[in-house]
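Here's the letter readout for the chains.
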Amino acid sequence: MSGAVVADAVGDGEPDGVHLIGVVGCGQMGAGIAEVCARAGFEVVVAETGPATVAAGRARIEASLDRALDRGKIVGHDRDQALDLISVTTDFDRLADRDLVIEAVAENEAHKLAVFARLDATVRRRDAILATNTSSIPVIRLATATSRPEHVIGMHFFNPVPVLRLVELVPSLATHPETEARATRFVTRALGKEVIRARDRAGFIVNALLIPYLLGATRMLESGMASVQDIDRGMVLGCAYPLGPLALADLIGLDTVKAIAESMYTEFKDPQHSPPPLLARMVEAGHLGRKTGRGFHSYG
């Protein structure tokens, strides 16, 4: 399906037509977002910081598409077409003509604020949707870095993006209802994902429930109450969870878990949101989970 055909489905020819997609950041989440947009037929420009991150991002997308091909989720032509639709570049100005840009950089408020200020100065279409994939930072804080907060919205995808169908949409107090409607049409009709709506509070819905669970498992391990293996096996075999909490934290990234917890603690001052010392030490040691090969578990 071409980008033009997809755009017809969400209102081609209308002021809110979305044809050209931008993504800022090609890490785990940004690469997945770029992939699902390209697989839906959209032309995608992904902005990265340097040649090494461009190469790593491109390789991440290719590896994901190859896994989808091996599993029979796509055919060879679809893989090749998706790759052809994705450009990974260090040229931020290539985002200037985008109709929708999704920020997907690390969960660091200062970094994200800088990205939104730069997007505001770069993206020419004044009613372009500027979306953030933040896991926990209140959207209004990022929106106020721009001169167009009414066009900023939270569009929180879940990892792995090509597999998980959920997107949390988070309008801020400043988000215009039409921005929310356009974002909803794009996510549901063009990408075929399911939407839930959250108020603009740190953690939104999923992480507000999930992060205290992951931190509780970390505290259980830290206290010596049970081993990594028994904590995870207990939740998999006893509660039918697909992953135990410590393995799930490794999948998310321990740095991301810590950043979300800190954002939630800043907002709510609830002790259950405070990152345990063990989590902080692991992040300081660079043991971030699957992406570094070592977290609560080891990955060869």
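Residues numbered from 1 in each chain as written. Predicted model: local features only at pLDDT ≥ 70, side-chain atom pairs only at ≥ 80, totals over all residues. Heavy atoms only, no water.

Moving on, we get to the overall build of the protein chain. A count of helical and extended segments in the protein chain gives 12 helices and eight strands. Whereas a compact globule of 300 residues would reach a radius of gyration of roughly 19 Å, the protein chain reaches 19 Å, a difference of no more than 12%. Its C-alpha atoms give the protein chain principal-axis dimensions of about 60 × 45 × 35 Å. Buried positions account for 52% of the 300 residues belonging to the protein chain. By sequence separation, contacts in the protein chain at least 24 residues apart represent 69% of the contacts at least 6 residues apart. On the protein chain, roughly 13,100 Å² of surface is accessible, and the fraction owed to carbon and sulfur atoms is 55%. Positive and negative side-chain charges of the protein chain, numbering 32 and 37 respectively, have mean locations separated by a distance of 3 Å. (Helix = DSSP H or I, 4+ residues; strand = E, 2+ residues; numbered from the N terminus. Rg over C-alpha atoms; globule rule 2.2 N^0.38 Å. Buried < 20%, exposed > 50% of the residue type's maximum accessible area, 1.4 Å probe, protein only. Contact = heavy atoms within 4.5 Å. Areas by Shrake-Rupley, 256 points an atom, 1.4 Å probe, with all protein chains shown as cover. Lys, Arg positive; Asp, Glu negative; His and termini not counted. Charge placed at Lys NZ, Arg CZ, Asp CG, Glu CD.)

Across the sheet, eight strands lie side by side as β3-β2-β1-β4-β5-β6-β7-β8; this open sheet has mixed pairing. Edge positions in the sheet fall to β3 (86–89) and β8 (194–197), since each of these pairs with one other strand and no more. Averaged over all pairs of adjacent strands, the angle between their axes in this sheet comes to 25 degrees, without regard to strand direction. Note that strand β2 (residues 43–47) and β3 share four bridges and pair parallel. Along β3, the bridge assignment pairs V46 with V88. (Pairing = 2+ DSSP bridges. Axes fitted to C-alpha atoms, helices over the stretch in contact; angles between N-to-C directions.)

This part is about the pattern of salt bridges. As enumerated under the stated definition, the model contains 20 salt bridges in all. The partner of E43 in a salt bridge is R98, with the nearest N and O atoms 3.3 Å apart. A residue pair is termed long-range when its members are at least 10 positions apart, and E43 in strand β2 and R98 in the loop between β3 and β4 (100–103) qualify at 55 residues. Owing to a relative accessible area of 2%, R98 belongs among the buried residues under this scheme. A salt bridge links R58 to E62, with the nearest nitrogen and oxygen atoms 3.7 Å apart. Within this pair, R58 and its partner E62 are both found in helix α3 (residues 51–70), separated by four residues, close to a single helical turn. (Salt bridge = Lys/Arg side-chain N within 4 Å of Asp/Glu carboxyl O.)

Counting residues in hydrophobic clusters, the biggest one holds 42 residues, and the most contacted among them are V44, I61, L100, M155, F157 and F186. No other element matches the seven residues that helix α2 (residues 28–39) contributes to this core. Residues V24, L95, V105 and V139 belong to the second largest nonpolar core, which totals 21 residues. (Core = buried A, V, L, I, M, F, W, Y, C linked by side-chain atoms within 4.5 Å.)

What follows concerns the packing of α3 against helix α4 (residues 76–84). Two elements in contact, α3 and α4, have axes separated by 10 Å at closest approach and are oriented at 165 degrees. The pairing of α3 with α4 is recorded here as roughly antiparallel in orientation. Note on packing geometry: the crossing formed by α3 with α4 is right-handed. Every residue of α4 that contacts α3 at R58, I61, E62, L65, D66 and L69 is listed here: G76, R79, A82 and L83. Tallied by class, residues from the contact of α3 with α4 come to five nonpolar, one polar and four charged. (Parallel < 35°, antiparallel > 145°, perpendicular 65-115°, else oblique. Left-handed = near helix turned anticlockwise from the far one by under 90°. Nonpolar A, V, L, I, M, F, W, Y, C, P; charged D, E, K, R; others polar.)

The values reported here are purely geometric and, on their own, carry no functional implication.
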